[in-house]
Amino acid sequence: MGPLFVTSPFLCYIFFLVLSAVPLFHVQAYAWLNAHATFYGANQDPTTLGGACGYDNTFHAGFGVNTAAVSTMLFRGGEACGACYQVMCDYRLDPKWCLGRRTVTVTATNFCPPNNHGGWCDPPHHHFDMSMPSFFRIARQGNEGIVPVLYRRVGCRRRGGVRFTLRGQGNFNMVMISNVGGSGDVKSVWIKGSKSGRWWPMHRNWGANWQSSMDLRYQNLSFKLTLSNANTLLFLNVVPSSWRFGQTFSSSNQFL
Ligand SMILES: *[C@@H]1O[C@H](CO)[C@@H](O)[C@H](O)[C@H]1NC(C)=O
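Residues numbered from 1 in each chain as written. Predicted model: local features only at pLDDT ≥ 70, side-chain atom pairs only at ≥ 80, totals over all residues. Heavy atoms only, no water.

**Things to note about the site of the ligand**
Reasoning step 1: Around the ligand, a shell composed of S194, N220 and N237 is seen.
Reasoning step 2: Interatomic distance of 2.2 Å between a side-chain N/O atom of N220 and an oxygen atom of the ligand. (Near = heavy atom within 4 Å. Polar contact = N/O pair within 3.5 Å; in protein donor to acceptor, adjacent residues only side chain to side chain.)

Dropping the structure here:
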């Protein structure tokens, strides 16, 4: 009886350690996966690569120059918008054109459409069509324009808070959500007008644009966001009642 009494709390503690370590492992330790990378055309302006996610200017959306259009498998109908990936040139497979084992972190801001003829962006390929500055951080100039890479999901570091851009008209509200830290990719959004006083779910319209069809004019707006890693944050009264379509409001709140 005595020894059992002594050892069981210890066993419980071990079990606790094991159980608490498992979810952490799932959230934080993403595996390296194989993919290929190319770069956007030389004369494409990196400030206008918001494309299929709807960030009209990726600079203003807080993503800087390190952005990528990702293939169907990664884009997942827009769920990947805002997600961050650490990309490493696969030096083992391509020692000639890889700049050692250098890595670059890119944000998914666009979709690389399939050509349905076995192209690099067709399923089942994992592909990053990167901005030129990010591509040439990991690959030598003068290569054929494609290198094998390894990639993994990483957290996104953003300056300042989450931003809400109001689009739409009348009682058609579209809110473009940008500069999201944490896992970077928004999974669910709720909106609350100060007059209605309850949370309503929004639906992904396309990319980073979320919609609702309530009349939200002349009231403060609050948002509740859940990311793909299940972290949730409230943005209470982030939009004042004097808001107009076309305006962007920055919160002081940010995901870590
Ligand atoms: C609207 O938001 C402001 C702060 O931005 C707050 O002072 C005010 O009480 C809010 N109004 C309502 C009705 O919630």
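Picking up where we left off.
**Section: unusual backbone geometry**
In terms of backbone geometry, most residues other than glycine have negative phi values and most peptide bonds are trans.
Reasoning step 1: Look at the link from P123 to P124: it is a cis peptide, with omega at 5 degrees.
Reasoning step 2: Following the sequence through the fold, P124 ends up in the loop between β4 (103-111) and β5 (127-130).
Reasoning step 3: Here the phi dihedral of N116 falls at roughly 60 degrees; this positive angle occurs in a residue that is not glycine.
Reasoning step 4: Checked against the element boundaries, N116 lands in the loop between β4 and β5.
Reasoning step 5: Accessibility expressed as a relative area gives 61% for N116, which makes it exposed. (Helix = DSSP H or I, 4+ residues; strand = E, 2+ residues; numbered from the N terminus. Buried < 20%, exposed > 50% of the residue type's maximum accessible area, 1.4 Å probe, protein only.)

**Considerations on the state of the cysteines**
Put plainly, two cysteines are in a disulfide when a covalent bond ties their sulfur atoms together.
Reasoning step 1: This structure, assessed with the given rule, holds 4 disulfides.
Reasoning step 2: Residue C84 pairs covalently with C156 via a disulfide, S to S 2.1 Å. Across the disulfide from C84 to C156, rotation about the S-S bond amounts to roughly 125 degrees, and the bridge is consequently right-handed. Within this pair, whereas C84 is found in strand β3 (residues 84-89), its partner C156 is found in the loop between β6 (147-154) and β7 (163-169), the two being separated by 72 residues in sequence. In terms of burial, C84 and C156 fall into one category: buried.
Reasoning step 3: Along the protein, the cysteines engaged in disulfide bonds are linked according to the scheme 1-2, 3-8, 4-5, 6-7 when indexed in sequence order. (Disulfide = S-S within 2.5 Å.)

**Focus on the pattern of salt bridges**
Reasoning step 1: Taken as a whole, this structure holds 3 salt bridges when the rule is applied.
Reasoning step 2: Where R153 meets D185, a salt bridge forms, and the shortest distance between an N and an O atom there is 3.2 Å. Here the residue R153 occupies a position in strand β6, and D185 occupies one in the loop between β8 (172-178) and β9 (186-193), the gap between them amounting to 32 residues. Neither R153 nor D185 differs from the other in exposure class; each is buried.
Reasoning step 3: Close ionic contact of R217 with D215 constitutes a salt bridge, the shortest N to O distance being 3.1 Å.
Reasoning step 4: With relative accessibility at 34%, the residue R217 sits in the partly exposed group. (Salt bridge = Lys/Arg side-chain N within 4 Å of Asp/Glu carboxyl O.)

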